[in-house]
Amino acid sequence: MRIAVITVSDRASAGVYADRSGPAVVETLKSALPGAEIEAEIVPDGEESVLAALSRHPEADWILTTGGTGPAPRDRTPEATRAYCDRSMPGIADYLRSRSLEETPNAVFSRGEAGMRGLQYVVNFPGSEKAARFCAAALAPLMEHGRKMARGEGH
């Protein structure tokens, strides 16, 4: 399985502070999905930068973003995801939001989306390290099944 992890953060991309959410997602996935090929990158907030980053990973089975999903003016990751994808997968976003609400009421502020472009999934995680790790752990057990379903390999 090929996975791309994209951290969306103005400050982390500028080197103001170290990205902690992207590495947390990568670490969680490496533990849960041994043998998965995982690439990671950091981009600034904004629809154009996120859309460009999504487009750089055409071979990934899954693209997982962390950050840019809140109500701040530059949080445009969901908009970029909708523009990139040709199909919506609201059940994935609903599942992650529902599970996250079990941990914190602040999950109501997440605007994260999930969708598909061709056979590829794109899923938005929140930007905090704790939330990103939590979402990666919640999604990891579903990822192989989702990949098989996208390829028409059945249940």
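For the structure itself, consult the block above.
Participant: I'd like a description of helix H5 (residues 90-101), backed by residues and values.
Facilitator: Side chains of residues three or four places apart in an α-helix project in the same direction, reflecting 3.6 residues per turn. Taking 1.5 Å of rise per residue, 12 residues should cover 16 Å, and H5 covers 16 Å from first to last C-alpha, within 8% of that figure. Elements that come into contact with the buried residues of H5 comprise strand S3 (62-66), strand S5 (114-117), strand S6 (120-125) and helix H6 (129-150).

Participant: For the layout of surface pockets, give the residues involved together with the corresponding values.
Facilitator: Looking at the largest pocket, its volume works out to about 370 Å³. Looking at the largest pocket, it is lined by 24 residues, and the ones nearest its centre are Ser 100, Ala 107, Ser 110, Pro 126 and Ala 131. Of all the secondary-structure elements, those providing two or more residues to the lining of the largest pocket are H5, S6 and H6. Residue composition of the lining of the largest pocket, grouped by class: 10 nonpolar, 10 polar and 4 charged. Taken as a whole, the second largest pocket holds about 260 Å³ of empty space. Forming the walls of the second largest pocket are 19 residues, and the residues nearest its centre are Ser 9, Tyr 17, Ser 21, Gly 127 and Ser 128. Of all the elements in the fold, those that place two or more residues in the lining of the second largest pocket are strand S1 (2-8) and helix H1 (10-13). Here the lining of the second largest pocket gets 3 residues from one element, more than from any other, and that element is H1.

Participant: Kindly report on the sheet that holds strand S4 (residues 87-88), identifying the contributing residues and their values.
Facilitator: The sheet built from 6 strands is open, its strands ordered S2-S1-S3-S6-S5-S4 with mixed pairing. Edge positions in the open sheet fall to strand S2 (37-43) and S4, since each of these has one partner strand only. Inspection of the sheet shows S1 paired to S3 by 5 bridges, in the parallel sense. By the bridge assignment for S3, Ile 6 is matched with Thr 65. Along the sheet face, helix H2 (residues 21-32) touches S1, S2, S3 and S6 and points at about 160° away from the line of S1. The strands that H5 touches are S3, S4, S5 and S6; relative to S6, the one it contacts most, it runs at about 30°.

Participant: I'd like a rundown of the environment of Leu 142, residues and numbers included.
Facilitator: For Leu 142, the location among the structural elements is in helix H6. Sequence-wise, Leu 142 and Ile 92 are 50 residues apart; in three dimensions their C-alpha atoms are separated by 9.7 Å.

Participant: Residue-level account of the packing of aromatic side chains, with values.
Facilitator: All chains considered together, the criterion is met by 1 aromatic pair. Seen from their ring centres, Trp 62 and Tyr 121 are 4.1 Å apart, and the 10° between their planes marks the pair as stacked. Note that Trp 62 is positioned in strand S3 and Tyr 121 in strand S6, a separation of 59 residues in sequence. Lying over the aromatic face of Tyr 84, Arg 117 brings its terminal NZ or CZ to 4.4 Å of the ring centre.

Participant: Can you explain the pattern of salt bridges? Please cite residues and give values.
Facilitator: Here the structure, examined in full by the defined rule, presents 13 salt bridges. Here Asp 10 makes a salt bridge to Arg 74, at a shortest N to O gap of 2.7 Å. Here Asp 10 is found in helix H1, whereas its partner Arg 74 is found in the loop between S3 and helix H4 (77-84), with 64 residues between them in sequence. Since its relative accessible area comes to 44%, Arg 74 is described here as partly exposed.

Participant: Lay out the side chain of Thr 77 in plain terms, naming residues and giving numbers.
Facilitator: Along the polypeptide, Thr 77 turns up in helix H4. When its relative accessible area of 0% is taken as the criterion, Thr 77 is described as buried.

About the cut-offs
- Residues numbered from 1 in each chain as written.
- Predicted model: local features only at pLDDT ≥ 70, side-chain atom pairs only at ≥ 80, totals over all residues.
- Heavy atoms only, no water.
- Helix = DSSP H or I, 4+ residues; strand = E, 2+ residues; numbered from the N terminus.
- Expected span 1.5 Å × (residues − 1).
- Contact = heavy atoms within 4.5 Å.
- 1 Å grid on protein atoms, 1.4 Å probe; cavity = no way out; pocket = protein on both sides within 12 Å on 5 of 7 lines; lining within 4 Å.
- Points joined across faces, edges and corners; volume = space filled by probe spheres on them.
- Nonpolar A, V, L, I, M, F, W, Y, C, P; charged D, E, K, R; others polar.
- Pairing = 2+ DSSP bridges.
- Axes fitted to C-alpha atoms, helices over the stretch in contact; angles between N-to-C directions.
- Phe/Tyr/Trp six-rings, centres within 6.5 Å; stacked < 30°, edge-to-face > 60°.
- Lys NZ or Arg CZ within 6 Å of the ring centre and 35° of its normal.
- Salt bridge = Lys/Arg side-chain N within 4 Å of Asp/Glu carboxyl O.
- Buried < 20%, exposed > 50% of the residue type's maximum accessible area, 1.4 Å probe, protein only.

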